[in-house]
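Fold and geometry: a report
Here's the letter readout for the chains.
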Amino acid sequence: MKCIPFRLSDCCEDHETVCLGCEDRCGIDHDDGFPCQCHDECIQEGSCCQDFRKHCGGSTRLVTDDDLRILAESLLEMDVNNVGGLVTVDLQGQTSQTGEDEAPG
C-alpha cells in the first residue's frame, strides 16, 4: 500500500487513519510511501507515527538533555568511589559578548 503525498491528503477521507497511523502496520520495514513509520527504529529516526505506542507497544519518548543530566547526577551521587569531584566539563569555544575566550584551556 502506498499513501498519496502528504500535501494531497485532503483528497482521501481515510488518509489520516491509513497513512498517519500504526494500526496494522507495526513492525513493517521503513516505507518511504508513508510520512510516518511504525517499526522499532522509528524511535531513533524520529519518524514514528503519533499512535506508535498505542498500537505497537513502543515508546516515542526520546531522551532529553535534562533526562541525561538527571541520570548523570544520580549516578555520581550513588558512586561509592566518589569520582564526581574528578569530572571536569570544558566548554571550549564559548565566548562572551566582548569576544574574549571564556574557556582558554
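An unreviewed UniProt entry lists the protein chain under the name SMB domain-containing protein, with Darwinula stevensoni as the source organism.

Another aspect to go through is the environment of Cys38. Tracing the backbone through its elements, the reader meets Cys38 in the loop between helix H1 (15–19) and helix H2 (42–45). Spatially, the C-alpha atoms of Cys38 and Cys48 are 5.8 Å apart, while their sequence positions differ by 10 residues. Non-local contacts of Cys38, meaning those with residues more than four positions away in its chain, are made with Gly21, Cys22, Arg25, Cys26, Gly27, Ile28, Cys49, Phe52 and Cys56.

Moving on to the pattern of salt bridges. Taken as a whole and judged by the stated rule, the model has 2 salt bridges. Taking the shortest distance from any N to any O, the salt bridge between Arg69 and Asp66 comes out at 3.7 Å. Here the residue Arg69 and the residue Asp66 both occupy positions in helix H4 (residues 65–78), the gap between them amounting to 3 residues, near one helical turn. In this structure Arg69 comes out as partly exposed when scored by relative accessible area, which is 40%. On the accessibility criterion, Asp66 (48% relative accessible area) is partly exposed. The closest approach of N and O atoms between Glu73 and Arg69, which form a salt bridge, is 3.3 Å. In this pair, Glu73 and Arg69 both sit in helix H4, 4 residues apart, roughly one turn of the helix. The class of Glu73 is partly exposed, set by a relative accessible area of 39%. Members of the salt-bridge network, linked through shared partners, are Asp66, Arg69 and Glu73.

About the thresholds
Residues numbered from 1 in each chain as written. Predicted model: local features only at pLDDT ≥ 70, side-chain atom pairs only at ≥ 80, totals over all residues. Heavy atoms only, no water. Helix = DSSP H or I, 4+ residues; strand = E, 2+ residues; numbered from the N terminus. Contact = heavy atoms within 4.5 Å. Salt bridge = Lys/Arg side-chain N within 4 Å of Asp/Glu carboxyl O. Buried < 20%, exposed > 50% of the residue type's maximum accessible area, 1.4 Å probe, protein only.

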